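# Structural overview
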Amino acid sequence: MSEIEKILSRIPLPEVVRVHQNFDDLALKDPGGNLTTLLSEKRLNILPGQRIAITCGSRGIDQYVTLVKSTVDHVKSRGAFPILIPSMGSHGGATPEGQAALVRHFGITEEVMGAPILSSMEVVEIGTSKNGLPVYVDKNACECDGIILLNRVKCHTAFHGPVESGLMKMLAIGLAKQKGAEMTHLLSFEKMSENIFSIGQVMLDKLNIVCGIATVEDAFGHLAELHVLHSDEIPVKEPDILKRANALMPRFYVDESDVLVMMKMGKEISGSGLDSNLTGRYNVPNISGGPKFRTLCVMDLSDESEGNANGMGQADFAPRRFYDKIIPEKAYINALTSTALYTAKLPMILDTDKQVLQAAVKFSNKPDQTTASMIIGVSTHEMGELYMSQAALNLVPEQFRDKVEIVGEFAPIPFDENGTLLLFR
C-alpha cells in the first residue's frame with residue numbers, strides 16, 4: 001500500500017440519495033420545421049447561384065444536426081449553394097483537420113448535410129476595430145457571397161457583458177479562427193465583451209451577413225427557443241436574447257457545499273469544460289460569483305473533447321482515468337490564445353475515483369467526515385438528476401425545498417472492485 005493509499009483508505013464517505021432537481025422542460029417541438037418557417041418569414045436576401053457559408057461551432061448545441069440541415073435545405077430551396085465552415089477560434093487543436101473532425105463528431109458530415117465542409121485556418125484582414133485591433137475572417141467564408149451565423153446564446157464562463165457567447169462571438173472569435181481569436185483576447189477579459197461587440201460590428205459592416213440563427217436552451221439543455229435575426233438586428237436584439245438564456249439556466253439549489261463531484265467535463269459541455277457560472281470556479285481572476293464549493297472533483301473527460309481538457313484548472317482532484325485522456329497541448333493552445341492562465345492547470349491526480357472522493361472529503365475539515373456535504377452530478381449540462389448527502393440536502397434554502405425531490409433511500413456510494421464510481425450507470 002502506497003503512502004497516499006494509507007492516508008486516504010481510512011477516510012469514510014457520507015451516504016447519498018438520488019434527487020431530482022425540478023426545472024421547466026421547454027423543449028421545442030419540431031425544431032426543423034420551426035427554423036424553416038422562421039427563415040422563410042425573414043425573406044432573406046439569398047439569390048440563385050450564390051455560395052452561402054454556414055458557421056459550425058465546437059459546442060454541443062441541442063438539435064445541432066437538425067438545425068444545420070434545415071439551414072442547408074433552406075439555402076438550397078433558394079437556388080443557392082450552402083458551404084459549411086468550421087468556426088471555432090482555436091478549438092480543434094487550431095488545425096483544419098482538428099476543426100473538421102469536431103464538426104463531424106457532432107454528426108455534421110458532408111453526406112448527411114448534403115453540403116461541402118471547407119475547413120481552413122487561413123484568414124484575411126478586413127478592417128480595424130475601434131480599439132485598434134485588426135479584424136480577421138475565415139478566408140473561405142469571406143470568399144462566399146453571404147454568411148449565415150448559427151450559434152447558441154448563453155452566458156460566458158470568463159466575462160460578463162451585453163454580449164457573451166452567441167452570434168457576435170461567433171463573428172469575432174469563431175469565424176476569426178486562431179489568429180482573430182488571439183486578437184480579441186489581447187486586451188484581457190475585462191474588455192472581452194467590448195472587444196467582441198466592436199470587432200463583430202466591423203464584420204457586420206464589411207461582410208454580407210445574411211442572418212443570424214440564435215438558439216436558447218432550457219435548464220435540461222433542450223432547445224427551447226429559436227431566433228432568426230437580420231444582420232442589423234443582431235447587435236440590438238442579442239443582449240435581450242442573452243437575458244432570456246440566463247433566466248432559463250439550470251442551477252444547484254444550494255449556495256455552498258463541502259464537495260462537488262462532476263462525472264465528466266468537456267468542450268461540448270462548456271468552453272471551460274464545466275460551466276464556471278454553475279461551479280463558482282473561474283479560470284480568470286477578474287470574475288467571481290456563484291456557489292461556493294470547498295473542493296471540486298471531475299471524474300472523466302468526454303470523448304467529444306478529444307483530449308482537450310481546457311478548464312481542468314477548476315478542479316482540485318481527478319482520477320488517473322481522467323489524466324490518461326488528456327492531450328495537454330490542446331488545452332495549452334486554448335490557454336495561450338485566450339490568456340486564461342488557470343484553465344490548463346492540472347488537478348491533483350489520484351489512482352481511483354474512490355480516492356478522489358476520499359481526498360475531497362478529507363478537505364471538508366469535518367471531525368466526523370460522514371457529515372460532509374456532498375453533491376454528485378453528471379455535468380453542468382445535465383443537472384436534473386443529482387446525488388446528495390444529508391448534509392447537502394440540509395443546505396437547500398427553504399424557498400427551493402419544493403424544487404428538490406428525493407428519490408429512493410440513502411445508501412453508501414457504490415464503487416466497483418477497481419474503485420470506479422458506479423453512479424449514473
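Note: the structure precedes this text.
Here's what I pulled together on the structure shown here. All figures in this text were calculated on a predicted structure; none of them were measured in a lab.

Quick look at the overall build of the chain now. Helix and strand counts for the chain come out as 15 helices and 15 strands. The C-alpha atoms of the chain give a radius of gyration of 22 Å, which matches the 22 Å a tight globule of 425 residues would have. Expressed as lengths along the three principal axes of its C-alpha atoms, the size of the chain is roughly 70 × 40 × 40 Å. Counting only residues that meet the buried cut, the chain has 59% of its 425 residues in that class. Sequence-distant contacts in the chain: of pairs separated by 6 or more residues, those separated by 24 or more amount to 74%. Accessible surface, the chain: about 17,000 Å² in total, of which carbon and sulfur atoms supply 51%. Once the 41 positive and 52 negative side-chain charges of the chain are each reduced to a mean point, those two points are 3 Å apart.

The next point concerns the side chain of Ser-364. Tracing the sequence through the fold places Ser-364 in the loop between α14 (353–362) and β13 (374–379). In terms of polar contacts, Ser-364 uses its side chain to reach the backbone carbonyl oxygen of Val-361, at 2.5 Å. For Ser-364, the residues in contact, after removing those within four places along its chain, are Asp-258, Arg-294 and Ala-372.

Another aspect to go through is the pattern of salt bridges. Counted according to the given criterion, the structure contains 21 salt bridges. The closest approach of N and O atoms between Arg-18 and Glu-385, which form a salt bridge, is 3.2 Å. Taken together, the residues span a long stretch of sequence, with Arg-18 in strand β1 (residues 16–21) and Glu-385 in strand β14 (residues 382–389) at a distance of 367 residues. Judged by its relative accessible area of 31%, Arg-18 is partly exposed. Classification of Glu-385 as partly exposed rests on a relative accessible area of 24%. As a salt-bridge pair, Asp-73 and Lys-69 come within 2.9 Å of each other at their nearest N and O atoms. In this pair, Asp-73 and Lys-69 both sit in helix α3 (residues 64–77), four residues apart, roughly one turn of the helix. With a relative accessible area of 34%, Asp-73 lands in the partly exposed category.

Glancing now at the packing of aromatic side chains. In the structure shown here, the tally under the stated rule is seven aromatic pairs. Taken together, a centroid distance of 5.8 Å and an interplanar angle of 75 degrees make the contact between Phe-23 and Phe-220 edge-to-face. Pair noted here: Phe-23 is in the loop between β1 and α2 (31–41) and Phe-220 is in the loop between β7 (209–217) and β8 (223–229), with a separation of 197 residues, a long-range link. Residue classification places Phe-23 among the buried residues on the basis of a relative accessible area of 14%. Considering the side-chain rings of Tyr-253 and Phe-400, the 5.1 Å spacing of their centres and the 40 degrees angle between planes classify their relative orientation as tilted. Pair noted here: Tyr-253 is in the loop between α10 (234–247) and β9 (256–262) and Phe-400 is in the loop between α15 (390–393) and β15 (404–411), with a separation of 147 residues, a long-range link.

Approximately 170 Å³ is the volume found for the largest pocket. Residues belonging to the lining of the largest pocket are distributed by class as follows: seven nonpolar, one polar and four charged.

Okay, the state of the cysteines next. Tallied over the entire structure, the rule returns zero disulfides. We note that Cys-142 lacks a disulfide partner, and the nearest cysteine sulfur, in Cys-144, lies 9.2 Å from it. Judged by relative accessible area, which is 28%, Cys-142 ranks as partly exposed.

About the thresholds
- Residues numbered from 1 in each chain as written.
- Predicted model: local features only at pLDDT ≥ 70, side-chain atom pairs only at ≥ 80, totals over all residues.
- Heavy atoms only, no water.
- Helix = DSSP H or I, 4+ residues; strand = E, 2+ residues; numbered from the N terminus.
- Rg over C-alpha atoms; globule rule 2.2 N^0.38 Å.
- Buried < 20%, exposed > 50% of the residue type's maximum accessible area, 1.4 Å probe, protein only.
- Contact = heavy atoms within 4.5 Å.
- Areas by Shrake-Rupley, 256 points an atom, 1.4 Å probe, with all protein chains shown as cover.
- Lys, Arg positive; Asp, Glu negative; His and termini not counted.
- Charge placed at Lys NZ, Arg CZ, Asp CG, Glu CD.
- Polar contact = N/O pair within 3.5 Å; in protein donor to acceptor, adjacent residues only side chain to side chain.
- Salt bridge = Lys/Arg side-chain N within 4 Å of Asp/Glu carboxyl O.
- Phe/Tyr/Trp six-rings, centres within 6.5 Å; stacked < 30°, edge-to-face > 60°.
- 1 Å grid on protein atoms, 1.4 Å probe; cavity = no way out; pocket = protein on both sides within 12 Å on 5 of 7 lines; lining within 4 Å.
- Points joined across faces, edges and corners; volume = space filled by probe spheres on them.
- Nonpolar A, V, L, I, M, F, W, Y, C, P; charged D, E, K, R; others polar.
- Disulfide = S-S within 2.5 Å.

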